[in-house]
Each structure stands twice: as C-alpha cells, then as structure tokens.
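# Results of the structural survey
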Amino acid sequence: EEDHEFEKGFIDVAKFTIKFCIKNNMKLACPQKRDAKVNPKLFNRDINLYKKHLTSSEFNYLIKNFLKKEGQYSSYLAMLQSKIVVGTASTLLRENLAIGRKILSCNLTPTNIYDFPIRGICSIKNCTYQEFEKRLLEIYSIPEEEYFSKIEKKPDYVMKFDKNHSTINLI
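Note that this is a predicted model, so its numbers are computed, not measured.

### Overview of the pairing of strand S1 (residues 84–87)
Bridge count for S1 against strand S2 (residues 102–107) is four bridges, and the pairing is parallel. Residue Gly87 lies in a different strand from S2, and its bridge partner there is Ser105. Each parallel crossover has a hand, and for S1 linked through helix H5 (residues 91–98) to S2 it is right-handed.

### Thoughts on the confidence of the model for the protein chain
Residues of the protein chain with pLDDT of at least 70 account for 86%, and the chain-wide mean is 86. Per-element averaging of pLDDT across the protein chain places helix H8 (residues 167–170) at the bottom with 62 and helix H6 (residues 129–141) at the top with 97.

### Quick look at the pairing of S2
Across the six residues of S2, six count as buried, placing the element largely inside the fold. By the alternation rule, side chains of S2 split into Lys102, Leu104 and Cys106 and Ile103, Ser105 and Asn107, which are all buried. Alignment of S2 against strand S3 (residues 123–125), held across three bridges, turns out to be parallel. Bridge assignment links Cys106 to a residue of S3, and that residue is Ile124.

### Topic: the packing of aromatic side chains
Here the structure, examined in full by the defined rule, presents seven aromatic pairs. Measuring from ring centre to ring centre gives 5.0 Å for Phe10 and Tyr114, while their planes differ by 80 degrees; the resulting arrangement is edge-to-face. A residue pair is termed long-range when its members are at least 10 positions apart, and Phe10 in helix H1 (residues 2–23) and Tyr114 in the loop between S2 and S3 qualify at 104 residues. Its relative accessible area of 25% is what places Tyr114 among the partly exposed residues. Both rings, one in Tyr129 and one in Phe132, keep their centres 6.3 Å apart while their planes meet at 40 degrees; by these two values the pair is tilted. One end of the pair is Tyr129 and the other is Phe132, both in helix H6 and three residues apart, which spans about a single turn. As far as the burial class goes, Tyr129 and Phe132 line up, both buried. One aromatic cluster is present, formed by Phe16, Phe20, Tyr129 and Phe132 through successive ring pairs. The aromatic ring of Tyr129 is capped on one face by Lys19, whose charged end is 4.3 Å from the ring centroid.

### Points about the pattern of salt bridges
On inspection of all chains with the given rule, the structure shows eight salt bridges. With its nearest N and O atoms 3.5 Å apart, the salt bridge here joins Glu7 to Lys52. Taken as a pair, Glu7 in helix H1 and Lys52 in helix H2 (residues 40–53) lie far apart in primary sequence, 45 residues in all. Using a relative accessible area of 22% as the deciding quantity, one classes Glu7 as partly exposed. You can call Lys52 exposed: its relative accessible area is 59%. Because the salt bridges share partners, they merge into one network encompassing Glu138, Glu146 and Lys150.

The rules behind these values
Residues numbered from 1 in each chain as written. Predicted model: local features only at pLDDT ≥ 70, side-chain atom pairs only at ≥ 80, totals over all residues. Heavy atoms only, no water. Pairing = 2+ DSSP bridges. Helix = DSSP H or I, 4+ residues; strand = E, 2+ residues; numbered from the N terminus. Right-handed = clockwise from strand over helix to strand, strands pointing away. pLDDT = per-residue confidence, 0-100. Buried < 20%, exposed > 50% of the residue type's maximum accessible area, 1.4 Å probe, protein only. Phe/Tyr/Trp six-rings, centres within 6.5 Å; stacked < 30°, edge-to-face > 60°. Lys NZ or Arg CZ within 6 Å of the ring centre and 35° of its normal. Salt bridge = Lys/Arg side-chain N within 4 Å of Asp/Glu carboxyl O.

In structure tokens:
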C-alpha cells in the first residue's frame, strides 16, 4: 500500500507535466534516468511503471518525448535547453537552480523526504493539477530576477556554483 502511494506520487508529477505540456502547447523533453543498454532490467521496470499508471495517450506522449540517451551528459543538455525543469527533488533540479535557471520541484508523495530544501515559487507539495498549472504558468511568465526574488534562500544553499572558477580547478 505504501509503495503504491510513492509510485502514485511520482507518476502524478509525470501526469501533471504531460497534461500541462499538451494543454499549453509546450514541448516536453524527458531525459531517461536509466539506459536501456546499460541496465535493461531497471529501464524496463521504469517503463512498466509508466505503462501501469498512465493512460495509453499519456504513455505514448511520454515515450515520444523521451530523449535518446546520447552521450554521458544528455540529461544536462536537456536541462540547459529547457525553460523550466520539473521533477521531484533531484540533483538535476538543484544544479539547474544553482546555475541560475528556473525549476519546479513537485512532491506528491506521502512523505516530506522528497521536499525540496528551498521553499518558495520553486517548490510545491501535495497540490492539485490546477495549483500545479497555475504555479508553472507563473514561473514561465516572470523574468528570472523576479523568480529568484520569490525563493526563500539563495540557490547556492543547495549547490555552490561559480561561473568564473571551475570546480575542477578549485579541487
């Protein structure tokens, strides 16, 4: 039962995002966490989870918008080409925020361990689709400066980023 609630929480973020993109005529770029060639078992587990919980039209839309895993940094490429990155409290969300870009972290699971560490416009919890859509449209419509004025902590709270000094050189 508890596993089902977690699954539902993660899948609902995907459902909300798919519905939002279709309704608002926006492009979805969905990087895959698992590589079908490297780990087919986990890849298939993820695909089957989507198949189980999404309608056939949602599933087909998602599959059509999966990014082919080309190269080691395909998720970062997708991140840098996106106006907003949506997900559940991931490292990619933290990194995108730290480099000065917009995110929406959405926790629809029954636990707070997936809450994003920064509150404000960048995170939402236990919301309806209408609340999700309203927040995402607001994020989309405002300039980055206004977006960052609406979060409670500086982005470097989640990850230090200095565009003038490479991490490799600092280490």
